[in-house]
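# Close look at the chain arrangement
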Amino acid sequence: MTVISLSITTVINVIGIGYRLLDAGTSALILGADVIIASRRLSEVFNGYMGFDTVRDRVQVINNVDEAINFIKFKIQNPKSKVKSVVFLASGDPLFFGIGRRMVNEFGEDKVAIFPDLSCIQVAFSRIKEPWDNALLMSIHGGPDPANRRVLKYEIDHIPSLLEKHDKLCILTDRINNPTVIAKELLKHSAFRIPHSALKMYVCEKLGYSDEKVIEGTPEDISSMAFSDPNVVIIKKIPQPSALSPQFPVFGLGESEIAHSRGLITKDEIRAVTIHKLKLPEKGVFWDIGAGSGSVSIEAARLFPDLRIFAVEKNPEQLAHLQENKIRFCVRNIEVVPGEAPMALNSLPLPQRVFIGGSNDKLAGILKFISGNTGLGVIVINASTIETLNEAIRLLEKNGFRIDVSAMSVSRSKMVAGKRHLSALNPVFIVRGERN
């Protein structure tokens, strides 16, 4: 058993402010601090706290996070410095998309203590009187410096697809990724399966300030308005009759649901086995070569939204279907790559998984191109002819892959003269090559 306690060597106290009065413990830490660091906005917030006048001369306003961290390092590491205790004022809960993680990483757990206030999320949901235990919480706040924006897990164009899976989203915004831009992004998706009228948006402005405000409206309403910073956006789905809000399965799309040229699509049963054989990771890079209408890519994208998928296709008609399906199913993590492999693969990031659904007699060149990628773990090739099967096995073995082959013979029922008969589809060989 490990007992975690606050070390007496702690010199940096990260204290959240903005929503509640300070308790006796955090007040004592602030009064006893040699220096108190705050951004310009938080220094204005702190100005309204009892005891500010007592420590006013110890408040150092530094608006840039990197500069603030370097300042702390200089103060606590300089042998001539008399600074023994630093307070860093943060907004709300420092460990909720905040500075807390960075401070611990920079200075170590034994040097940092975290004292959270309420998070802005808690306050926002309390204002609209909604539970938030069933909401997806996300940040599209890229940081205070426009020239050095942080890499975000989600971007604005993820929001429509996220709303397919979640009834509520709560979004931390910034000046660039603001409520107006979010609303316009929702309106952009003409094929979005959730009607805009079935969405309610709340913009919670300047929470904790004397002039805080909550604005409620549809995406159309919000798209024409401007808002004060800081703000938090909550998007809530309004329950609709099922006929008005069709939902596709997470996995198991039917051929009739996917736009495609007649007959040119990986059949449902074959697609299911193919995806199983690929052993797709949650994150990484997946190439779908000869993607056609994108049925495999679409299913994979919906299963693994953090997987980067590159769908390579040369046929203009199929490319049009691919783009249509990408919009229809609100999948952002597919990049459509026009062109023929292997030439079209030159500029793509190296994959961990590859599916070849069509190679147009270029299979040898494709496998030669990708065989040197040591990060490639699994490649799956679907073959409809004996010749392609033999070529796939030979080339995969030549390039150092362990092989297994599955022969898929699918029959589907159909009614003939009032009776149910089975009609066979063309058999398909699924060849998997795997290596460590």
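Coordinates for the structure precede this section.
Residues numbered from 1 in each chain as written. Predicted model: local features only at pLDDT ≥ 70, side-chain atom pairs only at ≥ 80, totals over all residues. Heavy atoms only, no water.

## Observations concerning unusual backbone geometry
Under the convention used in this document: Strands here are runs of E lasting at least two residues and helices are runs of H or I lasting at least four, both read from the DSSP assignment and numbered beginning at the N terminus. Three labels apply to residues, based on accessible area from a 1.4 Å probe with only protein chains included: buried if under 20% of the type maximum, exposed if over 50%, partly exposed otherwise in between.
Of the consecutive residues D229 and P230, the connecting peptide bond is found in the cis state with omega at -5°. Mapped onto the fold, P230 is located in the loop between α9 (219-223) and β10 (231-237). Of the consecutive residues A341 and P342, the connecting peptide bond is found in the cis state with omega at 5°. At K129, a position not held by glycine, the phi torsion is positive, near 55°. Within the secondary structure, K129 sits in the loop between α6 (120-128) and β6 (136-139). A positive phi is found at K279, a non-glycine position, where the angle reads about 50°. Within the secondary structure, K279 sits in the loop between α10 (268-278) and β11 (284-289). K279 gets classed as partly exposed once you look at its relative accessible area, which sits at 41%.

## Some thoughts on the sheet that holds strand β16 (residues 402-408)
Heads up, the rule is: At least two bridges found by DSSP between two strands is the condition for calling them paired. Axes here refer to lines fitted to C-alpha atoms; in helices the fit is confined to the stretch in contact. Angles between the N-to-C directions go from 0 to 180 degrees. Note on contacts: a residue pair is in contact if any heavy atoms of the two residues lie within 4.5 Å.
Taken in spatial order, the 7 strands make up an open sheet running β13-β12-β11-β14-β15-β19-β16, and their pairing is mixed. Of all strands in the sheet, those with a lone pairing partner are β13 (334-338) and β16, marking the two edges. Within this sheet the neighbouring strands show an average axis-to-axis angle of 15°, counted without direction. Bridge count for strand β15 (residues 378-383) against strand β19 (residues 428-434) is 6 bridges, and the pairing is antiparallel. Bridging across to β19, I379 finds its partner in G433. Packing against the sheet, helix α12 (residues 316-328) makes contact with β12 (307-313) and β13, and its axis sits at approximately 170° to β13.

## Here's the deal with helix α5 (residues 100-107)
Each full turn of the α-helix corresponds to 3.6 residues, which orients residues three or four apart in the same direction. Quick reminder of the rule: Of all possible arcs, the one meant is that of the directions from the helix axis to the C-beta atoms.
Those residues of α5 that fall on the buried side of the exposure criterion are G100, M103 and F107. Across the axial projection of α5, the buried residues extend over an arc of 65°, all falling on one side. Of the residues in α5, the exposed ones pointing more than 90 degrees away from the buried face are R101 and N105. Looking at the buried side of α5, the elements it contacts are β1 (12-17), α4 (65-77), β4 (86-91) and β5 (112-115). Just beyond α5, the residue with positive phi is G108, at close to 90°.

## Some remarks on the packing of aromatic side chains
Our working rule: Geometry of aromatic contacts follows a simple scheme: Phe, Tyr and Trp rings, the Trp one being its six-membered ring, pair when their centres are within 6.5 Å, and the pair is stacked under 30 degrees between planes, edge-to-face over 60, tilted otherwise. Charge over a ring is defined by NZ of Lys or CZ of Arg lying within 6 Å of the ring centre and within 35 degrees of the ring normal.
Tallied over the full model, the rule gives 4 aromatic pairs. With a centroid separation of 6.2 Å and an interplanar angle of 45°, the aromatic rings of F46 and Y49 are classed as tilted. Residues W287 and F369 carry aromatic rings whose centres are separated by 6.5 Å and whose planes lie at 35° to one another, so their mutual orientation is tilted. Remark: F369 occurs in helix α13 (residues 363-370) and W287 occurs in strand β11; sequence separation between them is 82 residues. Take F369: its relative accessible area is 35%, and that puts it in the partly exposed class. An aromatic cluster of three or more residues is present, and its members are F46, Y49 and F52. The ring of Y209 carries K206 above its face, with NZ or CZ at 5.1 Å from the centroid.

## Observations regarding the pairing of strand β2 (residues 35-38)
The alternating pattern of β2 places V35 and I37 and I36 and A38 on opposite faces, both of which are buried. One ladder, built from 3 bridges, connects β2 with β4; its direction is parallel. Of the residues in β4, the one forming a bridge with V35 is V86. When β2 meets strand β3 (residues 59-61), the two strands line up parallel, connected through 3 bridges. Residue pairing for β3: I37 is matched across the bridge by Q60.

## Describing the nonpolar core
Put simply, the rule reads: The set of buried Ala, Val, Leu, Ile, Met, Phe, Trp, Tyr and Cys residues whose side-chain atoms join them within 4.5 Å is what this entry labels a nonpolar core.
Counting 30 residues, the largest nonpolar core has L280, F286, I309 and I334 as its most contacted members. Among the elements that make up this core, the one with the highest residue count is helix α11 (residues 295-303) (4 residues). If near-sequence neighbours (up to four positions away) are discounted, I309 is found in contact with F286, S297, A300, A301, N333, I334 and E335. The next biggest cluster of nonpolar side chains, apart from the first, holds 27 residues, and it includes V285, W287, A341 and L389.

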